[in-house]
Amino acid sequence: MKKIALIMMVVLLLAGCGDKDVTIVGIVQEVNGTDILIDSEGAPYVIHLSDADFAKGVDTSFVNGNEVEISYGGEVAESYPMQIWGKKVLRNEAR
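Residues numbered from 1 in each chain as written. Predicted model: local features only at pLDDT ≥ 70, side-chain atom pairs only at ≥ 80, totals over all residues. Heavy atoms only, no water.

## Description of the overall build of the protein
Piece 1. When you go through the protein residue by residue, the secondary structure sums to one helix and six strands.
Piece 2. Along its sequence from the N terminus, the protein presents helices and strands in the succession α-β-β-β-β-β-β.
Piece 3. Roughly 6,700 Å² of accessible area belongs to the protein as shown, and the carbon and sulfur atoms make up 55% of that amount. (Helix = DSSP H or I, 4+ residues; strand = E, 2+ residues; numbered from the N terminus. Areas by Shrake-Rupley, 256 points an atom, 1.4 Å probe, with all protein chains shown as cover.)

## Some details on unusual backbone geometry
Piece 1. In this model, Tyr80 is joined to Pro81 through a cis peptide bond whose omega is -5°.
Piece 2. You can see Pro81 is positioned in the loop between β5 (67-72) and β6 (82-93).
Piece 3. Phi angles above zero are rare outside glycine, and Glu41 is one such case at about 55°.
Piece 4. Residue placement: Glu41 occurs in the loop between β2 (35-40) and β3 (43-48).

## Remarks on the nonpolar core
Piece 1. By size, the foremost hydrophobic cluster in this structure holds 17 residues, and its most contacted members are Ile24, Ile36, Ile38, Ile47, Leu49 and Ile70.
Piece 2. For this core, the elements supplying multiple residues, two or more each, are β1 (22-32), β2, β3, β5 and β6.
Piece 3. In contact with Ile24, other than residues within four places in its own chain, are Ile38, Ser40, Tyr45, Ile47, Val68, Glu69, Ile70, Tyr72 and Ile84. (Core = buried A, V, L, I, M, F, W, Y, C linked by side-chain atoms within 4.5 Å. Buried < 20%, exposed > 50% of the residue type's maximum accessible area, 1.4 Å probe, protein only. Contact = heavy atoms within 4.5 Å.)

## Details of the pairing of β6
Piece 1. Pairing analysis gives four bridges linking β3 to β6, with the strands arranged parallel. Within β6, the residue paired with His48 across the bridge is Trp85.
Piece 2. Bridging between strand β4 (residues 53-54) and β6 involves two bridges; their strand directions are parallel. Bridge pairing in β6 links Phe54 to Val89. (Pairing = 2+ DSSP bridges.)

## Here we look at the environment of Lys88
Piece 1. Tracing the backbone shows Lys88 in strand β6.
Piece 2. Lys88 gets classed as partly exposed once you look at its relative accessible area, which sits at 35%.
Piece 3. The spacing of Lys88 and Phe54 is 34 residues in sequence and 5.4 Å in space, taken between C-alpha atoms.
Piece 4. In this structure, Lys88 is in contact with Ala52, Asp53, Phe54, Ala55, Glu69, Ile70 and Ser71, ignoring residues within four places of it in sequence.

Here's what the structure looks like:
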């Protein structure tokens, strides 16, 4: 019985490891070429956007103070500040 329970847990854990993108929302603090520094809930993140797409109608120029929403693959480089490689800019709006 324990083996069956263990196998079920492993299957459920593996099923949760999909290719789903996640999003981050934050305020632009600094713009440096194709990278932006944002504050998201009090934590700084550098978002690399060189390969990112933009959703239809989203402004492609970033300005300090704008609120952005960016999707990424879920991977975060645990440096300071943390780094994310953005896939798609979903929102870039003045606050």
